[in-house]
Amino acid sequence: MKSRASYRPGGLVAAAALVVLVGCSDSSGPAGGDVLTDAELAEIEVAFGDDTDLSMGALFHGGMVNAFHPVTPMFMGPHRNPLACLVVEPLPPEDPDQDGIPTLLTIRFDPDPCVFNVGRTAIEFSGSVTVSDPVPDQAGYDIDEVIDHFGVAHTLPNGRAKAMVRNGTRSVRHDTDNDVLKAQERILTTHTTPGRAFKEAGASWELTFSGDDAIVFQQPLPSGALGIEGTWIFRKTNRERAFDVTTVTPLAYDATCTDARPLLRFTEGEIHKTLVRNGTPVAVIKMTWTGCGQEPTREVTRLSDTT
């Protein structure tokens with residue numbers, strides 16, 4: 001028997017709605033030959049920004065299900081609420097430690113896809129997210145998520161449609177011995193637009209956050225330092241770009257920077273995305289943060305003429 005309710009699901013729907021907004025712009029198609037063009041770089045940066053934004057938000061706010069933040073835009077009109085077909089199982093959820101993370105919970109849509117209209121545009125939500133608490137008898141940050149074809153699509157009156165689907169896993173742990181938060185993610189995001197370029201972005205990385213002061217559960221995170229290490233791919237119909245992601249200078253998280261999206265809550269720091277081909281670095285995209293609410297600057301160094 002299925003039950004319907006909301007168990008802190010606002011971030012789940014907000015995350016999908018955010019992708020509808022950022023995904024509405026589309027850059028030019030694949031670059032010719034094997035040249036890493038400025039147009040492709042711009043497209044890569046948008047996709048990378050989306051992935052890191054959601055990853056940071058999930059770390060800061062306790063997973064995708066709880067990652068809603070007031071500055072996250074919601075693409076919803078009055079009386080058109082996808083929560084009407086949101087299914088939460090089981091209900092009530094088990095949460096013996098009362099930390100807001102259920103022992104086991106699945107959020108899905110019925111019908112799937114769940115379709116509602118904003119003006120003449122049809123919005124569809126689909127798929128599921130399963131959340132579990134690896135330590136259900138001890139309140140804390142720890143959470144596991146399995147994302148199964150969780151997606152959102154919108155279709156315009158002229159029939160043009162765009163869709164985003166995510167699959168993968170995420171785990172967040174609070175290492176109390178060293179007082180750091182760690183998130184491990186293996187997530188693949190697929191973007192499709194009928195008649196236009198197919199795109200995928202895949203993150204396989206770890207985020208590590210250490211606070212300037214103690215990290216206390218159910219209290220706002222203190223200012224501190226964040227690092228990202230791992231790999232990220234960007235794939236189109238005829239090409240795959242593989243990047244090694246390293247934190248050269250930890251990102252300085254500003255706990256007072258609450259009105260910016262997660263990606264922009266840092267006052268300094270530097271990340272390098274190194275494009276690797278056949279095991280050889282061929283280009284480096286350097287991202288440098290300069291202040292709260294400011295987009296990081298980007299500098300590209302081509303290590304080979306073929307890039």
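Refer to the structure printed above.
Right, let's walk through the structure included here. (Residues numbered from 1 in each chain as written. Predicted model: local features only at pLDDT ≥ 70, side-chain atom pairs only at ≥ 80, totals over all residues. Heavy atoms only, no water.)

Brief notes about the overall build of the protein chain
Short version of the rule: Runs of E in the DSSP output that reach at least two residues are strands. Runs of H or I that reach at least four are helices, and both are numbered from the N terminus. A simple rule labels every residue: compare its accessible area, found with a 1.4 Å probe on the protein chains alone, to the largest value its type can have, and call it buried under 20%, exposed over 50%, or partly exposed in between. It only takes one pair of heavy atoms within 4.5 Å for two residues to be counted as in contact. Methods summary: accessible areas were calculated by the Shrake-Rupley approach with a probe of 1.4 Å, and residue burial reflects only the protein chains presented.
Along the protein chain, the regular secondary structure elements total two helices and 14 strands. Counting all 307 residues of the protein chain, 49% fall into the buried class. Sequence-distant contacts in the protein chain: of pairs separated by 6 or more residues, those separated by 24 or more amount to 58%. A total of about 13,600 Å² of accessible surface is found on the protein chain, and carbon and sulfur atoms cover 53% of it.

What about the pattern of salt bridges?
Formally: Salt-bridge detection follows one rule: a side-chain nitrogen of Lys or Arg within 4 Å of a carboxyl oxygen of Asp or Glu.
This model, assessed by the stated rule, comprises 17 salt bridges. Close ionic contact of glutamate 185 with arginine 170 constitutes a salt bridge, the shortest N to O distance being 2.6 Å. Here arginine 170 lies in strand S6 (residues 161–175) and glutamate 185 lies in strand S7 (residues 180–192), a separation of 15 residues in the sequence. Of the two residues, glutamate 185 and arginine 170, both sit in the buried class. With a shortest N-O distance of 3.4 Å, arginine 261 and glutamate 295 are connected by a salt bridge. One end of the pair, arginine 261, is in the loop between strand S11 (251–253) and strand S12 (269–277); the other, glutamate 295, is in the loop between strand S13 (280–289) and strand S14 (297–302), and 34 residues separate them in sequence. Residue glutamate 295 is classed as partly exposed on the basis of its relative accessible area, which comes to 42%.

Quick look at the state of the cysteines
The condition that has to hold: Disulfides are defined as pairs of cysteine sulfur atoms found within 2.5 Å of each other.
Here the structure, examined in full by the defined rule, presents two disulfides. For cysteine 257, the disulfide goes to cysteine 292, at an S-S distance of 2.0 Å. Around the S-S axis, the bridge from cysteine 257 to cysteine 292 shows a dihedral of about 85° and counts as right-handed. With a gap of 35 residues between them, cysteine 257 in the loop between S11 and S12 and cysteine 292 in the loop between S13 and S14 connect regions that are remote in the sequence. Cysteine pairing for the protein chain, with bonded cysteines counted in sequence order: 1-2, 3-4.

Considerations on the nonpolar core
One broad trend across soluble globular proteins is that nonpolar side chains are buried collectively. Defined as follows: Side-chain atoms within 4.5 Å link the members of a nonpolar core, which is a set of buried Ala, Val, Leu, Ile, Met, Phe, Trp, Tyr and Cys residues.
If you look at the biggest cluster of nonpolar residues, it comprises 58 residues, and the most contacted ones within it are Met56, Leu226 and Trp232. A per-element tally of this core places helix H2 (residues 38–61) first, with seven residues. When residues no more than four places from it in sequence are discounted, the contact partners of leucine 226 are Met56, Leu59, Phe60, Leu207, Thr208, Phe209, Thr247, Pro250, Leu251 and Phe266.

Describing the environment of threonine 280
Residue position: threonine 280 is located in strand S13. The sequence separation of threonine 280 and leucine 303 amounts to 23 residues, and the corresponding C-alpha distance is 9.8 Å.

So, the environment of valine 276
Note on placement: valine 276 falls in strand S12. Sequence-wise, valine 276 and phenylalanine 243 are 33 residues apart; in three dimensions their C-alpha atoms are separated by 5.8 Å. When sequence neighbours within four positions are dropped, the list of residues in contact with valine 276 reads Ala242, Asp244 and Pro281.

Let's talk about the pairing of S12
Basically, it comes down to this: For two strands to be treated as a pair, DSSP must find no fewer than two bridges joining them.
Counting buried residues in S12 gives seven out of nine residues, a clear majority hidden from the surface. Two elements, strand S10 (residues 239–249) and S12, share seven bridges in a ladder whose sense is antiparallel. In the strand pairing of S12, threonine 246 is matched with histidine 272. Both S12 and S13 contribute to a ladder of nine bridges, which runs antiparallel. Residue glutamate 270 lies in a different strand from S13, and its bridge partner there is threonine 288. Where S12 hands over to S13, the hairpin turn is made up of two residues, of which asparagine 278 adopts a positive phi near 55°.

With respect to the packing of aromatic side chains
Threshold: Any pair of Phe, Tyr and Trp rings, taking the six-membered ring for Trp, is counted once the centres come within 6.5 Å. Such a pair is stacked with planes under 30 degrees apart, edge-to-face with planes over 60 apart, and tilted for the rest. Geometrically, a charge over a ring is one whose NZ (Lys) or CZ (Arg) sits within 6 Å of the ring centre while staying within 35 degrees of the ring normal.
Under the definition given, this model contains 13 aromatic pairs. Taken together, a centroid distance of 6.2 Å and an interplanar angle of 75° make the contact between phenylalanine 266 and tryptophan 289 edge-to-face. Of this pair, phenylalanine 266 sits in the loop between S11 and S12 while tryptophan 289 sits in strand S13, and the two are 23 residues apart along the sequence. The rings of Phe48, Trp205, Trp232, Phe234 and Phe243 are connected pair by pair, giving a single aromatic cluster. Lying over the aromatic face of phenylalanine 48, lysine 273 brings its terminal NZ or CZ to 4.2 Å of the ring centre.

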